[in-house]
Amino acid sequence: TIGEEVRISVTFDKPVAVTGEQIYLAMNVTDDITDYSNRASFLPEESSSLQLMFLYTVGLKHTSYGNGLAYVCGEMNCTLGLGQGATIKQASDTPTIDANLALPPLLDHGISMDDSNLIIVDTSGPPTVTSVSSSTSNGQYSPGDVIGI
């Protein structure tokens, strides 16, 4: 449903220091790479030095095409996106070493915990009627007869 929220965690193996808030995770819900509504936004207030939290909000015409919700990889790699001024570095008194932002290979079930509980997104259009049938057998009926639908 449009407006529903999905919280996503990205866990590092060592503590990191984050500067800026323009950090994002692009999700597989639009075909248009210039449509920034597919981004899960960084939640600094819910993050720790080992786990960064992101929030994806389901938008109009978003769909994961029947697959589990997943992040999108660029042409060359799968990484967290950094906006202007944002950095993620190895935590220290004076952080100078960039953290490795490469994301692990995607699993068949996307970011879902397992393949039996997929997070499916589909707001490609409103529900439409696909068929109408009757439980009343074929035949001729008169005014006042009840035909079950």
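These numbers come from a predicted model, not from an experiment. Residue numbers restart at each chain and count upward from 1, following the sequence in its written direction. Residues qualify for local features only when their pLDDT is at least 70, as the model is predicted, and side-chain atom pairs are given and counted only at 80 or more; totals for whole chains, interfaces and linings, by contrast, use all residues. Values reported for side chains reflect all heavy atoms of the structure, with hydrogen atoms and water molecules removed beforehand.

Here's the deal with the nonpolar core
Piece 1. By nonpolar core we mean a set of buried residues, namely Ala, Val, Leu, Ile, Met, Phe, Trp, Tyr and Cys, connected to one another through side-chain atoms within 4.5 Å. Each residue's exposure class comes from its accessible area (1.4 Å probe, protein chains only) as a fraction of the maximum for that residue type: buried when under 20%, exposed when over 50%, partly exposed otherwise. Counting 25 residues, the largest nonpolar core has Phe 12, Leu 25, Met 27, Phe 54, Tyr 56, Leu 80 and Ile 88 as its most contacted members.
Piece 2. Looking at this core, the elements with two or more residues in it are strand S1 (5-11), strand S3 (23-26), strand S4 (39-42) and strand S5 (51-57).
Piece 3. Whether two residues touch is decided by their heavy atoms; if any such pair falls within 4.5 Å, the residues are in contact. Excluding residues within four positions of it along the chain, Leu 25 makes contact with Ile 8, Val 10, Asn 38, Arg 39, Ala 40, Phe 54, Tyr 71, Leu 80 and Leu 103. Runs of E in the DSSP output that reach at least two residues are strands. Runs of H or I that reach at least four are helices, and both are numbered from the N terminus.

Focus on the side chain of Asn 28
Piece 1. Here Asn 28 lies in the loop between S3 and S4.
Piece 2. Counted as a polar contact is a pair of N or O atoms within 3.5 Å, where, for protein atoms, one must be capable of donating a hydrogen and the other of accepting one, and residues adjacent in sequence contribute only when both atoms are in side chains. At 2.9 Å, the side chain of Asn 28 and the backbone nitrogen of Ala 70 are in polar contact.
Piece 3. With residues near it in sequence (within four places) discarded, Asn 28 still touches Thr 63, Ser 64, Gly 68, Leu 69, Ala 70 and Val 72.

Focus: the layout of surface pockets
Piece 1. Looking at the largest pocket, its volume works out to about 650 Å³.
Piece 2. Lining the largest pocket are 31 residues, with Ser 9, Val 10, Thr 11, Leu 103 and Pro 104 sitting closest to its centre.
Piece 3. Of all the elements, S1 adds the most residues to the lining of the largest pocket, at five residues.
Piece 4. When grouped by side-chain class, the residues that make up the lining of the largest pocket number 20 nonpolar, seven polar and four charged.
Piece 5. Using a grid of 1 Å spacing that covers the protein atoms alone, one calls a set of points a cavity when a 1.4 Å probe fits there but cannot get out, and a pocket when the set is open and has protein on both sides within 12 Å along at least five of seven lines; lining residues are those with an atom within 4 Å of a point. As for the second largest pocket, its lining consists of 19 residues, of which Tyr 24, Ala 26, Val 72, Cys 73 and Gly 74 are closest to the centre. Grid points are joined across faces, edges and corners, and a volume is the space filled by probe spheres set on the points. For this classification, Asp, Glu, Lys and Arg are treated as charged, while Ala, Val, Leu, Ile, Met, Phe, Trp, Tyr, Cys and Pro are nonpolar and the rest, including Gly, are polar.

Some points on unusual backbone geometry
Piece 1. Phi at Lys 61 takes a positive value of approximately 65°, unusual for a residue other than glycine.
Piece 2. Positive phi is not limited to glycine here, since Tyr 65 has a value of about 55°.
Piece 3. Note on placement: Tyr 65 falls in the loop between S5 and strand S6 (81-82).
Piece 4. The exposure class of Tyr 65 is partly exposed, given its relative accessible area of 47%.

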